[in-house]
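# Coordinates in review
Here's the letter readout for the chains.
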Amino acid sequence: MIKVTTRDGSEMYLNPDLIEIIMETPDTHITLSNGNRYLVLEPAKVVIGRIANFKAHLLRRAASSVAKGYLRRRDAERYHPSCTL
């Protein structure tokens, strides 16, 4: 999620995967794929930079070589699924 500031000064978070159009005329209008439109204070260049940073952060987390403990089976040899195909 990326943080943007509305015209009244309140902050909100948008899902960048739903952003369809960003128009700057001179205010920045963001249109989502569900049809919702938002008027934000940040210029389009800043919003696009936040989207790029968010996506890069996701890719770094996905590519990390550190295995999570909850993804490993401690006793893999004792593991027997209850359903066999």
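Provided above is the structure to which this section pertains.
These figures come from a predicted structure and were not determined experimentally. (Residues numbered from 1 in each chain as written. Predicted model: local features only at pLDDT ≥ 70, side-chain atom pairs only at ≥ 80, totals over all residues. Heavy atoms only, no water.)

### Quick notes on the overall build of the protein chain
Counting its regular elements, the protein chain contains one helix and five strands. The helix and strand sequence of the protein chain, counted from the amino end, reads β-β-β-β-β-α. Looking at the protein chain as a whole, 20% of its 85 residues are labelled buried. (Helix = DSSP H or I, 4+ residues; strand = E, 2+ residues; numbered from the N terminus. Buried < 20%, exposed > 50% of the residue type's maximum accessible area, 1.4 Å probe, protein only.)

### Details of the sheet that holds strand β5 (residues 37-40)
To summarise the sheet geometry, strands pair through backbone hydrogen bonds and adopt either a parallel or an antiparallel arrangement. Reading across from one edge, β3-β4-β5 is the order of the three strands in this open sheet, with antiparallel pairing throughout. Here the strands that pair on one side only, and so sit at the sheet edges, are β3 (19-25) and β5. Averaged over all adjacent pairs, the angle separating strand axes in this sheet is 20°, with direction ignored. The sheet contact formed by β3 and strand β4 (residues 27-32) spans six bridges and is antiparallel. Residue pairing in the sheet places Glu24 in a bridge with Thr28 of β4. Helix-sheet contacts for helix α1 (residues 44-63) involve β3 and β4, and the interaxial angle to β3 is about 155°. (Pairing = 2+ DSSP bridges. Axes fitted to C-alpha atoms, helices over the stretch in contact; angles between N-to-C directions. Contact = heavy atoms within 4.5 Å.)

### Looking at the pattern of salt bridges
On inspection of all chains with the given rule, the structure shows three salt bridges. In this structure, the salt-bridge partner of Glu42 is Arg50, at a minimum N-O distance of 3.3 Å. Classification of Glu42 by relative accessible area gives buried; the value is 9%. Given the relative accessible area of 29%, Arg50 is considered partly exposed. (Salt bridge = Lys/Arg side-chain N within 4 Å of Asp/Glu carboxyl O.)

### Brief notes about the environment of Arg7
Residue position: Arg7 is located in the loop between β1 (2-5) and β2 (11-14). Residues Arg7 and Tyr38 lie 31 residues apart in sequence; the distance between their C-alpha atoms is 9.3 Å. Excluding residues within four positions of it along the chain, Arg7 makes contact with Asp27, Leu39 and Leu41.

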